[in-house]
Amino acid sequence: MAEPTVLSAALFKKADRVLVARRAESARPALGKWFIPVTVVPGEQTVEDALRRHARDELGVDIAQEEFVDTVYVEYAGQQFVTNVFDVRSFEGALRFRAGGCYEDARFLSAEELGKVSMTTTMRDWLVREARGEEHPPAVGACASFTAATKASASRPDNRAAWNRIARHYQERSAPGTDRLEWGIGGPFEDEARLLSDVAGKRLLELGCGGGQNSVYLARQGARVTGIDLSDEQVKFARLLAARERVEAEFYQADASDLSMFESETFDAVHSMYALQYVDDLEVCFREAFRVLKPGGLFVYSVDHPAFRCFDDHSQQFARAYWDTYAEWDWEYPGVKARVHATYATVGEQVGLLTAAGFSVESVIEPRPQETEGFKRWLGPAEQARARYLPTTVIFVARRPDI
């Protein structure tokens, strides 16, 4: 795994407000749309020198006094950043932003207003505490957590690389159609279950859109659809499919646990079919889904039923305990193999995480599978036999309270 990038950031405060700036599309690193003024620290400079240079070039001020505050460990778009934050105690000049530079807009925001702009979750949480005058967790502990997470993820198969490797084969042999939306292996179908209700005119976000088949289906029903997927290659297929089917839909490469490219309270519904088991941090994913939903908005997703995946697909013997949620396996197609990992969180854990994120859980559906085309395509004979006794899918229907 690549070494984290070292950043130097300026904290400007005005009473209980902090200065955040919207980064231009061309700015590197991207860091989401909003961040505090920040720059990459070149190897030959100190963090203080880099900060002063950036303030002079981009903000139009000469820093007279700064004091180190904290180190914030940020992960965005698959990259890791060690952000050294300096409280700017005094400066000379008037804050202004260079035309065509790193920033397009800047505002002093309160803790409540910070929740409404598009920003990495880690930086938003840190700034909210700062604006409220609350204590931050010790930097040492944050560093330890960051290092542990890095080591843990480094030992796991790279899901993004794996899906990029098999995307073409998956689309040719395994992808669903665009005529119906099937929530699980063996149903139910959206045109019958109506879990998303009437989508006409509504703005929807699909997490883990794959090749875009479900997004295309919903766009045909009149929805304004945006899809994200971890795999760059899957996103390419989705864009080509939408163009071929002549529907309006937007697709982006992104991690479902980092939706910082989207403003808060943007979507009427967030949905996902059989993708969230590939997300490492469901807690953050659910918080982000809650943030981007409008009050009263729906969050509907389906995943492999964790009980169904406790068995070996060939021997039909127990392969793992229900509470041992981590799993790895190989996706294999003729001439290509890619190893992936998943987290099969228990049903109770998922309900707890949804509730903790602020959702009201309306229903947990464990449908009896039917022998649909998808059922026969996805399950071998032994799995089809097991599906007579256990649900293949679990579907969660949750709502952000309308307050």
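Residues numbered from 1 in each chain as written. Predicted model: local features only at pLDDT ≥ 70, side-chain atom pairs only at ≥ 80, totals over all residues. Heavy atoms only, no water.

**What to know about the pairing of strand E6 (residues 62-76)**
Note the cut-off: In short, DSSP must find at least two bridges between two strands for them to pair. Counting from the N terminus, the helices are the DSSP runs of H or I reaching at least four residues and the strands are the DSSP runs of E reaching at least two.
Two strands pair when backbone bridges link them, and E6 and strand E7 (residues 79-92) are joined in this way by 13 bridges, in the antiparallel orientation. Note on E7: the bridge partner recorded for glutamate 66 is valine 88.

**Considering unusual backbone geometry**
Residue proline 29 follows arginine 28 across a cis peptide bond; omega there is -5°. In this structure, proline 29 sits in the loop between strand E3 (17-23) and strand E4 (34-35). Put simply, glycine 187 and proline 188 share a cis peptide bond, and its omega is 5°. Here proline 188 is to be found in the loop between helix H5 (159-173) and helix H6 (190-193).

**Structural notes on the packing of aromatic side chains**
Going by this rule: Under the pairing criterion, centres of Phe, Tyr and Trp rings, with the six-membered ring standing for Trp, must be within 6.5 Å; the plane angle then separates stacked pairs below 30 degrees from edge-to-face pairs above 60, leaving the rest tilted. Only protein chains enter the accessibility calculation, which uses a 1.4 Å probe. A residue is then buried if its area is under 20% of the maximum for its type, exposed if over 50%, and partly exposed in between. Lysine NZ or arginine CZ positioned within 6 Å of the ring centre and within 35 degrees of the ring normal marks a charge as sitting over the ring.
Considering all chains together, one arrives at 21 aromatic pairs under this definition. Measuring from centroid to centroid gives 5.6 Å for phenylalanine 286 and tyrosine 301, while their planes differ by 40°, and the two rings are tilted. Separated by 15 residues along the polypeptide, phenylalanine 286 in helix H9 (residues 282-292) and tyrosine 301 in strand E13 (residues 293-304) bring together distant segments of the chain. Look at phenylalanine 290 and phenylalanine 359: their rings are 5.2 Å apart centre to centre, the planes differ by 85°, and that puts the pair in the edge-to-face class. Residue phenylalanine 290 is located in helix H9, and its partner phenylalanine 359 is located in the loop between helix H10 (347-357) and strand E16 (360-365); the two are separated by 69 residues in the primary sequence. Given the relative accessible area of 4%, phenylalanine 359 is considered buried. Of the aromatic side chains, those joined through ring pairs into one cluster are Trp163, Tyr170, Tyr278, Trp329, Trp331, Tyr333, Tyr344 and Trp378. The ring of phenylalanine 189 carries the charged tip of arginine 180 above its face, separated from the ring centre by 3.7 Å. The ring of phenylalanine 308 has arginine 386 sitting right over it, with the charged end atom 4.2 Å from the ring centre.

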